[in-house]
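The chain contents come next:
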Amino acid sequence: MRTHDDFLTSDMFQKNSVKKRQRVKFRTIWISDTHLGTPGCQAVKLLEFLRNTDAETLYLVGDIIDGWQLKRRWYWNQVHNNIIQTLLKKAKKGTRVIFVPGNHDEAIRQFIDLDFGGIQIRDELVHVTADGKRMLVLHGDRFDGVIACAKWLAYLGDNLYTVILKFNQILNVWRARAGMPYWSLSQYLKLKVKNAVSYITRFEDAVAAEARKQGVDGVICGHIHKPEIRMIDGIIYCNDGDWVESLSALVEDASGALRLVDWQEIMVLAGQQTLTHHPAEALAPA
Ligand SMILES: [Mn+2]
């Protein structure tokens, strides 16, 4: 696979030759934790991902719009609008779009079982893969002891997290200028912090235990911003990651196989020059 950097150097002088979009097709796509409404959301890359992929079913697995942060400070721009428009357009053109709200967009939970512009708002549900695997789809916050016990503690962690994410973006602008690939500082820090690791393990175990209790083959969730596919005591545990740091999605192909993809891989598969360097196109209406 070509690296992001090869891609930049080969195309950077052909600004007017944006190639025709070759959408990468999947049976199903799961994304979560996009945190629209925050500066941490990597909105341009998310828009590029959505515009360059196609699926029969698209699951939005929670924390899509960050109501917690929007309440404190309004952050919304044209790219965020274009993302919403792109989702609505997909729903209109026949993609089954299912939104399972998370804790940051919990206000939307009051609309569970309703449809908005063709987007179905649903509580936890079971997805059946092409090869018959039954996968429980949920956001995952109800397994988070901190959030269940003390919301202020979660807010505090959220603020610190926002600062780290901001620093991460500045660092990556600098890294891109130096010709270095994208690297997530916040993810690195989280993986290095022992407590965070044990928290993640406990979360993954709890989610897998719930899937076992419900008698399904596996579970697909988000919430902890750590993309993963692995077996936990006979249960297929999948986490689709997020769009503030890992820029990842879970996908199912026509045969029912599940795998993780990220923004860079999709851009290469779609044969696209990265629109990140053409903000004018990203800003154009969807
Ligand atoms: Mn969450």
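Cut-offs applied
Residues numbered from 1 in each chain as written. Predicted model: local features only at pLDDT ≥ 70, side-chain atom pairs only at ≥ 80, totals over all residues. Axes fitted to C-alpha atoms, helices over the stretch in contact; angles between N-to-C directions. Helix = DSSP H or I, 4+ residues; strand = E, 2+ residues; numbered from the N terminus. Parallel < 35°, antiparallel > 145°, perpendicular 65-115°, else oblique. Left-handed = near helix turned anticlockwise from the far one by under 90°. Contact = placed C-beta atoms within 7 Å. Nonpolar A, V, L, I, M, F, W, Y, C, P; charged D, E, K, R; others polar. Buried ≥ 20, exposed ≤ 12 C-beta atoms within 10 Å, placed from the backbone. Pairing = 2+ DSSP bridges. Expected span 1.5 Å × (residues − 1). pLDDT = per-residue confidence, 0-100.

Q: Just give me the short version of the packing of helix α2 (residues 43-51) against helix α4 (residues 78-92), but keep the residues and values in it.
A: Axes are the key here: two packed helices are described by the angle between their axes and the distance separating the axes. Between α2 and α4, whose axes approach to 9 Å, the crossing angle comes to 25°. Taken as axis vectors, α2 and α4 run roughly parallel relative to one another. Every pair of crossing elements has a handedness; the one defined by α2 and α4 is left-handed. Together, A43, V44, L46, L47, L50 and R51 of α2 and V79, H80, N82, I83 and T86 of α4 make up the contact between the two elements. Of the residues that constitute the contact of α2 with α4, the class distribution is seven nonpolar, three polar and one charged.

Q: Could you give me a rundown of the pairing of strand β8 (residues 218-221), with the residues and numbers involved?
A: Here β8 shows no split at all, with G218 and I220 on one side and V219 and C221 on the other all buried. Here strand β7 (residues 134-137) runs beside β8; their pairing, made up of three bridges, is parallel. Paired with L136 across the two strands is V219, which belongs to β8. The sheet contact formed by β8 and strand β10 (residues 235-239) spans four bridges and is parallel. Residue pairing for β10: I220 is matched across the bridge by C238.

Q: Summarise α4; cite the residues concerned and give the values.
A: In this model, α4 (15 residues) spans 21 Å end to end at C-alpha, consistent with the 21 Å of a helix rising 1.5 Å per residue. On its buried side, α4 packs onto α2, β2 (53-60), β3 (96-99) and β5 (119-121). Backbone geometry just downstream of α4 places G94 in the positive-phi region, at approximately 110°.

Q: Before we move on, can you summarise the confidence of the model for the protein chain with the specific residues and values?
A: Summing up the model confidence of the protein chain, the mean pLDDT is 84 and the portion of residues at 70 or higher is 80%. In the model, residues 1-17 has pLDDT below 50 throughout and makes 13 contacts with residues more than four positions away in sequence or in other chains. pLDDT under 50 marks residues 277-281. Its contacts with residues more than four places away, or in other chains, come to five contacts.

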